[in-house]
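Residue-level listing of the chains:
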Amino acid sequence: MIRAAIVGATGYTGAELVRLLTRHREVELVGLTSRQYADQPYPNVYPHMSGQVDLACQTQDIDNITDTADVVFLALPHGLSVPWVAECVRKGKKVVDLGADFRLRRAAVYEQWYHVTHEAPELLAEAVYGLPELKREQIQKARIVANPGCYPTASLLSVAPLCGQGLIREDRLIIDAKSGASGAGRNANLALIYGEVNENVKAYNVAKHRHNPEIEQEVAERAGLDPDAMAITFTPHLMPMTRGILATVYADLKEGVRPSAEEVRDLYRQFYAGEPFIHIMDEGVWPQTKWSYGSNHAFIGLTVEARTGRIIITTAIDNLVKGASGQAIQNMNILFGLPETTGIEAAGIYP
Ligand SMILES: NC(=O)C1=CN([C@@H]2O[C@H](COP(=O)(O)OP(=O)(O)OC[C@H]3O[C@@H](n4cnc5c(N)ncnc54)[C@H](OP(=O)(O)O)[C@@H]3O)[C@@H](O)[C@H]2O)C=CC1
Ligand SMILES: CC(=O)N[C@@H](CCC(=O)OP(=O)(O)O)C(=O)O
């Protein structure tokens, strides 16, 4: 059995890790941390987990947690992961960080977008960006997995097959993405109260969202471009729903290149052949967030708009599963040599 601990177990991604790991046949949960709920049985915090988990929350004792666990999931707000990651590396434990502290390879870029100093830039070089469909071989050998952000997961799955193919202007993508409110976590925030979110749609952090450099970094790498020369526009929107992300990407075709929609679809089907969580839709079928609700599955629809010379791709995922905790477990499965779908294979809930 793999002994797993979750740091920040009472947030939304932590709770989703608990839900998914309690039915993972190869995992034993050995530690759940929370400052607010220390010493309280986990089902007191989340009654829907009654009878499923018999651990109490514990304080964030780095020594104790990293001694007891084989793998540590960090589900903390950004800026808090470094001491945990450093201790896991020191003790030879695997660590999957759901936050953003190890996603950007350059400390200066992290500091520019997150407005905090990176306390362990020397560890950035060995962290692997944990998008399994794109980096499986590197993840297998990693000690530190930087689990991608939810918007970048949907955005990168949307464009990865096109990158470096000589088809599109990778540096000038436009991404319009929508998220459910759970993307912002379980914390008191005026912008997230019912009266603000219900029956309302709005863009936020326009032209300054911190997922922008993350998307640019990974697209640049795949396309063989300079990350500093990228000009990707990313606009997130908050939707009146609990879960789900729908990312729509507009990719300009290069001068003189006009593939048919079927040629592009074939490219996607080849690229994602054998991928258990990726589903490419037929022409005219457009993904909906409800298809991925509660599951690790991603649904990708696409077409070529010949009139404008653009490829349009739309991807639906659950922000808390493929966008966070499900993907973190997919990464753990890879780290420990298990079948990648173990514990996360199920379809979502519909409607
Ligand atoms: N929500 C989503 O869809 C996604 C989230 N992420 C990332 O995953 C991480 C967790 O997100 P999410 O679960 O939504 O966040 P939440 O705000 O819901 O939960 C945060 C958790 O961390 C603990 N925590 C909060 N503040 C501190 C602190 N100062 N020191 C130590 N512990 C703290 C909280 O428990 P307590 O206060 O009791 O200690 C809680 O368990 C974040 O980095 C987020 O950006 C990534 C992808 C998707
Ligand atoms: C709706 C909503 O607020 N979503 C969050 C998504 C953040 C997230 O999950 O990503 P990180 O792990 O990179 O913080 C946001 O836009 O900040």
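Keep in mind that what you see is a predicted model, and the values were worked out from it rather than measured.

1. Observations concerning the site of ligand 2
- The local shell around ligand 2 holds 13 residues, among which Arg-103, Tyr-204, His-209, Arg-210 and His-211 are the closest.
- Residue Arg-210 places a side-chain N or O atom 2.6 Å away from an oxygen atom belonging to ligand 2.
- For ligand 2, whose accessible area on its own is 430 Å², the fraction buried by protein is 83%.
- The pocket occupied by ligand 2, as judged from atoms lying within 2 Å of grid points, is the largest pocket.
- Among the residues making up the shell around ligand 2, the classes are represented as six nonpolar, five polar and two charged.

2. Focus on the packing of aromatic side chains
- One pass over the structure, following the stated rule, counts five aromatic pairs.
- Measuring from ring centre to ring centre gives 5.7 Å for Tyr-42 and Tyr-46, while their planes differ by 45°; the resulting arrangement is tilted. Accessibility classification places Tyr-42 together with Tyr-46 in one group, the buried group.
- Considering the side-chain rings of Trp-291 and Phe-299, the 5.6 Å spacing of their centres and the 80° angle between planes classify their relative orientation as edge-to-face.
- By relative accessible area, which is 23% here, Trp-291 ends up partly exposed.
- Geometry around Tyr-293 places Arg-243 over its ring, the cationic atom sitting 5.6 Å from the centre.

3. Digging into the nonpolar core
- In terms of nonpolar packing, the biggest core is built from 43 residues, with Val-219, Tyr-268, Ile-311 and Ile-313 touching the most fellow members.
- Secondary-structure elements contributing two or more residues to this core are helix H8 (150-159), strand S7 (174-179), helix H10 (211-223), strand S10 (245-252), helix H11 (261-271), strand S11 (278-280), strand S12 (298-305) and strand S13 (310-317).
- When residues no more than four places from it in sequence are discounted, the contact partners of Ile-313 are Ser-158, Val-159, Leu-162, Ala-247, Thr-248, Val-249, Tyr-268, Ile-300, Gly-301 and Leu-302.
- Formed by 36 residues, the second largest nonpolar core is a distinct cluster that contains Val-53, Val-71, Val-128 and Phe-277.

4. Brief notes about the UniProt feature "domain: Semialdehyde dehydrogenase NAD-binding" (unreviewed entry) in the protein chain
- The UniProt record annotates "domain: Semialdehyde dehydrogenase NAD-binding" (unreviewed entry) at residues 3-142.
- Taken end to end, residues 3-142 has its terminal C-alpha atoms 18 Å apart, with 37% of it in helix and 16% in strand.

5. Concerning the sheet that holds strand S3 (residues 71-74)
- Within the open sheet, the six strands sit side by side as S2-S1-S3-S4-S6-S5. Their pairing is parallel. Whereas interior strands pair on both sides, the edge strands pair on one side only; in this sheet they are strand S2 (27-33) and strand S5 (127-129). On average, each strand axis in the sheet is inclined to that of its neighbour by 20°, with strand direction left out of account.
- Of the strand pairs in this sheet, strand S1 (residues 2-7) and S2 are connected by six bridges, and their pairing is parallel. Paired with Arg-3 across the bridge in S2 is Glu-28.
- Its contacts with the sheet put helix H1 (residues 12-21) on S1, S2 and S3, and the angle it makes with S1 is roughly 160°.

6. Things to note about the packing of helix H7 (residues 132-140) against helix H12 (residues 321-335)
- Packing of H7 against H12 leaves a shortest axis separation of 10 Å and a crossing angle of 40°. H12 is crossed by H7, and the crossing has right-handed handedness. Residues Pro-132, Glu-133, Arg-136, Ile-139 and Gln-140 of H7 touch H12, and the partners they reach there are Lys-322, Gln-327, Gln-330, Asn-331, Ile-334 and Leu-335.

7. Regarding the site of ligand 1
- Near ligand 1 you find 28 residues, and of these Thr-13, Ser-34, Arg-35, Leu-76 and Arg-186 are the closest.
- Side-chain polar atom of Thr-10 to an oxygen atom of ligand 1: 2.9 Å apart, as the coordinates give it.
- Backbone polar atom of Gln-36 to an oxygen atom of ligand 1: 2.9 Å apart, as the coordinates give it.
- A total of 880 Å² of accessible area belongs to ligand 1 in isolation, and the protein chains cover 86% of it.
- According to the grid-proximity analysis, the pocket containing ligand 1 is the largest pocket.
- Residues of the shell around ligand 1, tallied by class, amount to ten nonpolar, 15 polar and three charged.
- Each of domain 1 (2-126) and domain 2 (152-319) contributes no fewer than three residues to the shell around ligand 1.

8. With respect to the sheet that holds S7
- Read across the open sheet, the seven strands follow the order S8-S9-S7-S10-S13-S12-S11; overall the sheet is mixed. The sheet is open, and its two borders are formed by strand S8 (202-203) and S11, each paired with just one other strand.
- Note that S7 and S10 share six bridges and pair antiparallel. Following the sheet pairing, Ile-174 is matched in S10 by Tyr-250.
- Packed on one face of the sheet, H11 meets S11, S12 and S13 and runs near 150° to S12.

Reading the values: rules and limits
- Residues numbered from 1 in each chain as written.
- Chains lettered and ligands numbered in written order.
- Predicted model: local features only at pLDDT ≥ 70, side-chain atom pairs only at ≥ 80, totals over all residues.
- Heavy atoms only, no water.
- Near = heavy atom within 4 Å.
- Polar contact = N/O pair within 3.5 Å; in protein donor to acceptor, adjacent residues only side chain to side chain.
- Areas by Shrake-Rupley, 256 points an atom, 1.4 Å probe, with all protein chains shown as cover.
- 1 Å grid on protein atoms, 1.4 Å probe; cavity = no way out; pocket = protein on both sides within 12 Å on 5 of 7 lines; lining within 4 Å.
- Sits in = over half its atoms within 2 Å of the grid points.
- Nonpolar A, V, L, I, M, F, W, Y, C, P; charged D, E, K, R; others polar.
- Phe/Tyr/Trp six-rings, centres within 6.5 Å; stacked < 30°, edge-to-face > 60°.
- Buried < 20%, exposed > 50% of the residue type's maximum accessible area, 1.4 Å probe, protein only.
- Lys NZ or Arg CZ within 6 Å of the ring centre and 35° of its normal.
- Core = buried A, V, L, I, M, F, W, Y, C linked by side-chain atoms within 4.5 Å.
- Helix = DSSP H or I, 4+ residues; strand = E, 2+ residues; numbered from the N terminus.
- Contact = heavy atoms within 4.5 Å.
- UniProt positions renumbered as here; feature names shortened; annotations may be inferred.
- Pairing = 2+ DSSP bridges.
- Axes fitted to C-alpha atoms, helices over the stretch in contact; angles between N-to-C directions.
- Left-handed = near helix turned anticlockwise from the far one by under 90°.
- Domains from an automatic or database assignment.

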